[in-house]
Amino acid sequence: MAPEVVLLRGFAVATAEYAAAVDLVAAAAPFRQLQTPGGRPMSAAMTNCGALGWHSDARGYRYEPCDPLSGLPWPAMPSIFLDLAQRAAAEAGYRDFLPDACLINRYAGKAKMGAHRDADERDFSQPIVSVTLGAAATFLWYGKLRSGSAVKIRLEPSDVLVWGGSARRGYHAVGQAEGAATGAVRINLTFRKAG
Ligand code: SIN
Ligand code: FE2
């Protein structure tokens with residue numbers, strides 16, 4: 001879809017295992033609606049697993065070692081998640097990916113995500129590995145500029161998108177889960193080396 005944005009169709013095959021792992025994480029660290037630094041609620045619900053978890057509130061976007069809801073460390077990253085992320089990164093040409101953060105986004109109803117870039121991490125030589133589970137959605141790749149024309153692709157369940165190198169700080173967005181009006185839910189796993 002763009003240089004250094006690699007789509008691995010159907011790569012995340014063990015969907016039932018991944019869904020069960022998401023449920024276990026969410027039992028310990030429930031999905032919640034975060035607020036932007038400007039005080040607006042984000043429509044996708046979020047939780048995390050791994051050593052660091054992405055968080056947003058009036059103090060800004062950042063990574064936290066503990067879940068601010070419970071004060072406890074985020075649930076450990078399931079080994080099947082780490083394995084999936086490392087295999088996908090290697091397939092896209094990143095051999096030494098060691099993610100310490102897995103953000104889990106849940107899109108139900110009208111939830112979607114506007115154009116942004118992933119820029120709260122320390123090391124931009126490490127890629128982003130993004131996994132779609134559940135329902136499909138349209139992913140928009142803007143690249144260097146936040147607005148203008150985007151390349152659109154339909155991300156289906158089990159698809160994995162990897163971006164890095166010159167694309168690492170590219171702008172992107174995602175639409176509503178397909179079938180959301182009748183109850184479909186999309187889950188996205190985003191693996192990053194954050195710390
Ligand atoms: C994100 O960019 O954080 C989420 C992308 C997605 O849900 O596919
Ligand atoms: Fe993102």
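Residues numbered from 1 in each chain as written. Chains lettered and ligands numbered in written order. Predicted model: local features only at pLDDT ≥ 70, side-chain atom pairs only at ≥ 80, totals over all residues. Heavy atoms only, no water.

1. Some details on the nonpolar core
- Grouped together as the largest cluster of nonpolar side chains are 27 residues, with contacts concentrated most on F81, I104, V129, V131, V160, L189 and F191.
- At the level of elements, α1 (15–28), α2 (79–91), β5 (101–107), β7 (128–134), β10 (160–163) and β12 (186–192) are the ones that each hand at least two residues to this core.
- Tallying contributions element by element places α2 first for this core, with five residues.
- Setting aside residues no more than four positions away along its own chain, L189 makes contact with V22, F81, C102, L103, I104, V129, S130, V131 and L133.
- Of all hydrophobic cores here, the second largest spans 24 residues; its members include L34, A137, I153 and A167. (Core = buried A, V, L, I, M, F, W, Y, C linked by side-chain atoms within 4.5 Å. Buried < 20%, exposed > 50% of the residue type's maximum accessible area, 1.4 Å probe, protein only. Helix = DSSP H or I, 4+ residues; strand = E, 2+ residues; numbered from the N terminus. Contact = heavy atoms within 4.5 Å.)

2. Describing the environment of V185
- With respect to the helices and strands, the residue V185 is situated in the loop between β11 (171–174) and β12.
- Taking C-alpha positions, V185 is 9.5 Å from A111, a pair spaced 74 residues apart along the chain.
- Leave out the neighbours within four places in its chain, and V185 touches R106, Y107, A108, L133, G134, A135 and A177.

3. Side note on the sheet that holds β10
- Judged by pairing direction, the sheet is antiparallel, and its six strands sit side by side in the order β1-β10-β7-β12-β5-β2 without closing on themselves. In this open sheet, the two strands that pair with only one neighbour each are β1 (5–8) and β2 (45–49). Averaged over all neighbouring strand pairs, the angle between strand axes comes to 20°, with direction disregarded.
- Examined bridge by bridge, β2 and β5 share five bridges and lie antiparallel to one another. Looking across to β5, one finds that N48 is bridged to L103. (Pairing = 2+ DSSP bridges. Axes fitted to C-alpha atoms, helices over the stretch in contact; angles between N-to-C directions.)

4. Details of the site of ligand 1
- What surrounds ligand 1 is the set N105, Y107, M113, H116, S130, F139, H172, V174, R186 and N188.
- Interatomic distance of 3.0 Å between a side-chain N/O atom of H172 and an oxygen atom of ligand 1.
- R186 has a polar side-chain atom sitting 2.7 Å from an oxygen atom of ligand 1.
- When isolated, ligand 1 has an accessible area of 260 Å², and the protein chains bury 98% of it. (Near = heavy atom within 4 Å. Polar contact = N/O pair within 3.5 Å; in protein donor to acceptor, adjacent residues only side chain to side chain. Areas by Shrake-Rupley, 256 points an atom, 1.4 Å probe, with all protein chains shown as cover.)

5. Concerning the pairing of β7
- Counting buried positions over the seven residues of β7 gives six, a clear majority of the element.
- As defined by bridge partners, β7 adjoins β10 across four bridges and the pair is classed as antiparallel. Paired with V131 across the strands is V160, a residue of β10.
- As paired elements, β7 and β12 share six bridges and run antiparallel to each other. Pairing of S130 across the sheet is with T190, part of β12.

6. Points about the coordination of the iron ion (ligand 2)
- Protein coordination of the iron ion (ligand 2) is provided by H116 (NE2), D118 (OD) and H172 (NE2), with donor distances spanning 2.1 to 2.3 Å.
- Taken together, the four donor atoms coordinating the iron ion (ligand 2) and their angles of 89 to 173° define a geometry best described as irregular.
- Mapped onto the polypeptide sequence, the residues donating to the iron ion (ligand 2) form the spacing pattern H-x1-D-x53-H. You can see H116 sitting in strand β6 (residues 113–116) and its partner H172 sitting in strand β11, a full 56 residues away along the chain. (Donors = N, O, S within 2.8 Å, 3.2 Å for Na, K, Ca; no water. Tetrahedral: all angles 85-135°; square planar, octahedral: opposite > 155°, others 65-115°.)

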